[in-house]
Amino acid sequence: MQNLIDWICLSEQIKKNNNTIRNVTGEYKKIELDCWEGVRAQLKRMKELCKERDSLYEKQNDLKERKWYNQKDKPEFMEGLIWNI
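Below is a summary of the structure that appears in this document. (Residues numbered from 1 in each chain as written. Predicted model: local features only at pLDDT ≥ 70, side-chain atom pairs only at ≥ 80, totals over all residues. Heavy atoms only, no water.)

## A short note on the overall build of the protein chain
Looking only at helices and strands, the protein chain features 1 helix and 0 strands. Sorting the 85 residues of the protein chain into buried and exposed places 4% on the buried side. Approximately 8400 Å² of the protein chain is accessible, and the part contributed by carbon and sulfur atoms is 58%. (Helix = DSSP H or I, 4+ residues; strand = E, 2+ residues; numbered from the N terminus. Buried < 20%, exposed > 50% of the residue type's maximum accessible area, 1.4 Å probe, protein only. Areas by Shrake-Rupley, 256 points an atom, 1.4 Å probe, with all protein chains shown as cover.)

This is the structure we're talking about:
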């Protein structure tokens, strides 16, 4: 008889543990989705920043190229000047 009582008690404890595990897993999955959405948003912003940076690099290189052509054809009185862009 004691074995049956122990078996029932253990079965109930196992059921409780399974319910707790399901609840914790469900909560984890909710949090996990929010975390991934945050990561996606950050990656999107990082891509935008990279595009902006690349565009600025291109503009910077264009300006440097224009500066170089201007200095190449500059008059003699500007020889000693340093041009910064």
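Still more ground to cover, so stick around.
## A closer look at the packing of aromatic side chains
Applying the stated criterion to the full structure yields 1 aromatic pair. Ring centres of Trp68 and Tyr69 lie 5.0 Å apart, and the angle between their planes is 75 degrees; on these two criteria the pair is classed as edge-to-face. (Phe/Tyr/Trp six-rings, centres within 6.5 Å; stacked < 30°, edge-to-face > 60°.)

## As for the pattern of salt bridges
Here the structure, examined in full by the defined rule, presents 4 salt bridges. Across the pair Glu12 and Lys15 runs a salt bridge whose closest N-O atoms are separated by 3.7 Å. Taken as a pair, Glu12 and Lys15 lie in helix H1 (residues 2–72) at a separation of 3 residues, close to a single helical turn. The partly exposed category is assigned to Glu12, whose relative accessible area is 37%. Here Asp54 and Arg53 are joined by a salt bridge, their closest N and O atoms 3.3 Å apart. Asp54 sits in the partly exposed class, given a relative accessible area of 35%. (Salt bridge = Lys/Arg side-chain N within 4 Å of Asp/Glu carboxyl O.)

## So, a nonpolar patch on the surface
Where nonpolar side chains cluster on the molecular surface, the patch consists of Met1, Leu4, Ile5, Trp7 and Ile8 and spans about 600 Å² of accessible area. Checked against the element boundaries, Trp7 lands in helix H1. A relative accessible area of 57% means that Trp7 is categorised as exposed. (Patch = residues over 30% accessible without salt bridge, like charges linked within 9 Å, V, L, I, M, F, W, Y side chains within 5 Å.)

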